[in-house]
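Chain by chain, the residues:
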Amino acid sequence: MLTTFEAWPETKQTLRIYRNNLTETGNWIGFRLREEGGGTSPVGATITLRHAGGIVARQIVTGDSYRSQQANTIHFGLGSVTQVESVEIRWMNGRR
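Presented here is an overview of the structure given in this document. (Residues numbered from 1 in each chain as written. Predicted model: local features only at pLDDT ≥ 70, side-chain atom pairs only at ≥ 80, totals over all residues. Heavy atoms only, no water.)

1. Concerning the overall build of the chain
Consideration 1: The helix and strand inventory of the chain stands at zero helices and seven strands.
Consideration 2: The order of helices and strands in the chain, counted from the N terminus, is β-β-β-β-β-β-β.
Consideration 3: Among the 96 residues that make up the chain, the fraction classed as buried is 17%.
Consideration 4: Of all intrachain contacts in the chain linking residues separated by at least 6 positions in sequence, the fraction that spans at least 24 positions is 52%.
Consideration 5: Roughly 7,700 Å² of accessible area belongs to the chain as shown, and the carbon and sulfur atoms make up 48% of that amount.
Consideration 6: A distance of 1 Å separates the average location of the 11 positive side-chain charges in the chain from that of its 8 negative side-chain charges. (Helix = DSSP H or I, 4+ residues; strand = E, 2+ residues; numbered from the N terminus. Buried < 20%, exposed > 50% of the residue type's maximum accessible area, 1.4 Å probe, protein only. Contact = heavy atoms within 4.5 Å. Areas by Shrake-Rupley, 256 points an atom, 1.4 Å probe, with all protein chains shown as cover. Lys, Arg positive; Asp, Glu negative; His and termini not counted. Charge placed at Lys NZ, Arg CZ, Asp CG, Glu CD.)

2. Overview of the nonpolar core
Consideration 1: If you look at the biggest cluster of nonpolar residues, it comprises eleven residues: Phe31, Leu33, Ala45, Ile47, Leu49, Ile60, Ile74, Phe76, Leu78, Val81 and Trp91.
Consideration 2: Among the elements of the structure, strand 4 (46–51) and strand 6 (73–79) are those that each provide at least two residues to this core.
Consideration 3: Among the elements that take part in this core, strand 6 stands out by supplying three residues, more than any other.
Consideration 4: Not counting the four nearest positions on each side in its chain, phenylalanine 31 is found in contact with Ile47, Leu49, Asn72, Thr73, Ile74, Phe76 and Val87. (Core = buried A, V, L, I, M, F, W, Y, C linked by side-chain atoms within 4.5 Å.)

3. Brief notes about a nonpolar patch on the surface
Consideration 1: On the surface, a nonpolar cluster with roughly 390 Å² of combined accessible area is contributed by Met1, Leu15 and Ile17.
Consideration 2: Residue placement: isoleucine 17 occurs in the loop between strand 2 (12–16) and strand 3 (27–32).
Consideration 3: Classification of isoleucine 17 as exposed rests on a relative accessible area of 65%. (Patch = residues over 30% accessible without salt bridge, like charges linked within 9 Å, V, L, I, M, F, W, Y side chains within 5 Å. Salt bridge = Lys/Arg side-chain N within 4 Å of Asp/Glu carboxyl O.)

As far as function goes, none of this settles anything; it's purely spatial.
What follows is the structure, given as structure tokens:
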């Protein structure tokens, strides 16, 4: 789902809903990090995933695009991989 707000040439807001029509599906895993006690934000945390297909890392960012934000959720597409070997979450304060 996508919402837009346009200010020029006229003020309007739109809602677009996208549907995945792919017949082939793949596996995925997602992580939603939450703020910890003491105000430790998940923004900047890095998640590293190891599986048979390799090693992949993603970082939590928000507000990195003009007039948009992203949720504190990271998704990894796994394709045909059915098992994850390990996951490491490294917070900005260095804690793992």
